[in-house]
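# What the coordinates show
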Amino acid sequence: MVAPPDNDVLWARALHFQHNGSPALTGVSLGVRDGEILAVTGPRGSGKTTLLSCLSGLLPAQSGEIWFNSKPMHTMRPMRRERLRRERFGWIDPVPHLVPELTVWENAALPLMLRGTGRRAARTIAREWLERLDIGDCARKRPRGLPAAARQRVAIARALAAAPTVLFADEPTASLHRADRAHVLRTLTTAARSHGITVVLATTEPETATLADRSVALLDGRCVQTVHLPPAAESEGRAACSLSV
Ligand SMILES: Nc1ncnc2c1ncn2[C@@H]1O[C@H](COP(=O)(O)OP(=O)(O)OP(=O)(O)O)[C@@H](O)[C@H]1O
């Protein structure tokens, strides 16, 4: 077994995954650097969700290696992998899955409370993130009555509040109107940068990938291209993120 480079928080080699015999990943290798925002691009069905699911330990790859902070995840027992996922990784789905019986702040605080943070401390952290995502005034409401964009912001606040080492965002703005997308994405990437959170962001949209440091393109379950964002575009993207998150 070859150990991964030291500055890669996640490192995968030769990942293969089939859904019921149908190949979704066919030999994907990649590294994700600490604090990096990596976009995983590709058309529908190219394997983006499957890749994020394998990297996050949600789906065990059928072959290949995944290392997190230089520790092999692919040989971990399921219980240990589950604990790692809960404690170190965050996940944002294309559509928000919130608990309808809980208020907005309780939803955002849930991962913290499940991890043992006291209710008051969890509420303070959750409310700070809701404020940063411009939905602080919804904190006491139930998610049911909120527009889709607000509910997705709650899901993003919930993911960030837990301060994950790596945040996996699977087309996080797919369900939003175009006007909301740029703002929500900028907030997400700016917050991640300022808090040192590594992000693996699946997207079909080229303009979303421009907010990342680097993009990896998938096609039919294989990496076909890696693009480092040119410094000019990078500084432009970062300069545009003037939010105080
Ligand atoms: N649960 C499943 N059962 C069977 N096949 C699946 C399943 N999930 C994904 N696939 C297939 O695996 C391949 C990769 O799918 P995946 O969802 O990872 O791609 P994607 O790039 O994320 O696409 P999308 O943008 O549509 O979510 C596709 O051919 C898809 O049809």
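Throughout, a residue's number is its position along its own chain's written sequence, starting from 1. Local features in this predicted model are restricted to residues of pLDDT 70 or higher, and side-chain atom pairs are both shown and tallied only at a pLDDT of 80 or more, whereas totals for entire chains, interfaces and linings draw on every residue. Hydrogens are left out, water is left out, and the side-chain values use all remaining heavy atoms of the structure.

## Some remarks on the nonpolar core
Grouped together as the largest cluster of nonpolar side chains are 41 residues, with contacts concentrated most on L130, L160, L167 and L188. Strands here mean DSSP runs of E at least two residues long; helices mean DSSP runs of H or I at least four residues long; both are numbered from the N terminus. Put simply, the parts of the chain that give this core at least two residues each are β3 (37-41), α3 (104-114), α4 (119-132), α5 (148-161), β7 (166-170), α6 (178-194) and β8 (198-203). Looking at this core, the element that brings in the most residues is α5, giving 9 residues. Apart from residues no more than four positions distant in its own chain, L130 is found in contact with V104, W105, A108, I135, G136, A139, V154 and A157. Take the buried Ala, Val, Leu, Ile, Met, Phe, Trp, Tyr and Cys residues and link them wherever side-chain atoms come within 4.5 Å; each set so joined is a nonpolar core. Relative accessibility thresholds used throughout: buried, under 20% of the residue-type maximum; exposed, over 50%; partly exposed, between the two (1.4 Å probe, protein chains only). Core analysis: the next-biggest nonpolar cluster, separate from the first, contains 27 residues, L10, I66, M73 and V166 among them. Note on definitions: a residue-residue contact is assigned when non-hydrogen atoms from the two residues lie within 4.5 Å.

## Here we look at the site of the ligand
Taken together, H19, N20, A24, P43, R44, G45, S46, G47, K48, T49, T50 and E171 make up the full set of residues near the ligand. Here an oxygen atom of the ligand sits 2.7 Å away from a polar atom, N or O, in the main chain of G45. In this structure, K48 approaches the ligand through a side-chain N or O atom, which is 2.7 Å from an oxygen atom. Note on areas: Shrake-Rupley with a 1.4 Å probe; residue coverage comes only from the protein chains shown. In the complex, the protein chains occlude 62% of the 630 Å² of accessible area that the ligand would expose alone. It is helix α1 (residues 48-55) that contributes the most residues to the shell around the ligand, 3 residues altogether. Residue classes in the shell around the ligand are distributed as 2 nonpolar, 7 polar and 3 charged. One heavy atom suffices: a residue is near a molecule or strand as soon as one of its heavy atoms comes within 4 Å of it. N or O atoms closer than or at 3.5 Å make up a polar contact, with two conditions inside protein: a donor-capable atom paired with an acceptor-capable one, and, for residues adjacent in sequence, both atoms drawn from side chains. As a working rule, the residues Ala, Val, Leu, Ile, Met, Phe, Trp, Tyr, Cys and Pro are called nonpolar, Asp, Glu, Lys and Arg charged, and the rest polar, with Gly in that last group.

## Topic: the pairing of strand β1 (residues 8-19)
In short, DSSP must find at least two bridges between two strands for them to pair. Two strands pair when backbone bridges link them, and β1 and strand β2 (residues 22-33) are joined in this way by 9 bridges, in the antiparallel orientation. Note that in β2 the partner of Q18 across the bridge is P23. Remark: 2 residues form the turn of the hairpin made by β1 and β2, two consecutive strands paired antiparallel; N20 in that turn has positive phi of roughly 45°. As paired elements, β1 and strand β4 (residues 63-68) share 5 bridges and run antiparallel to each other. Bridge pairing links L10 to F68 in β4.

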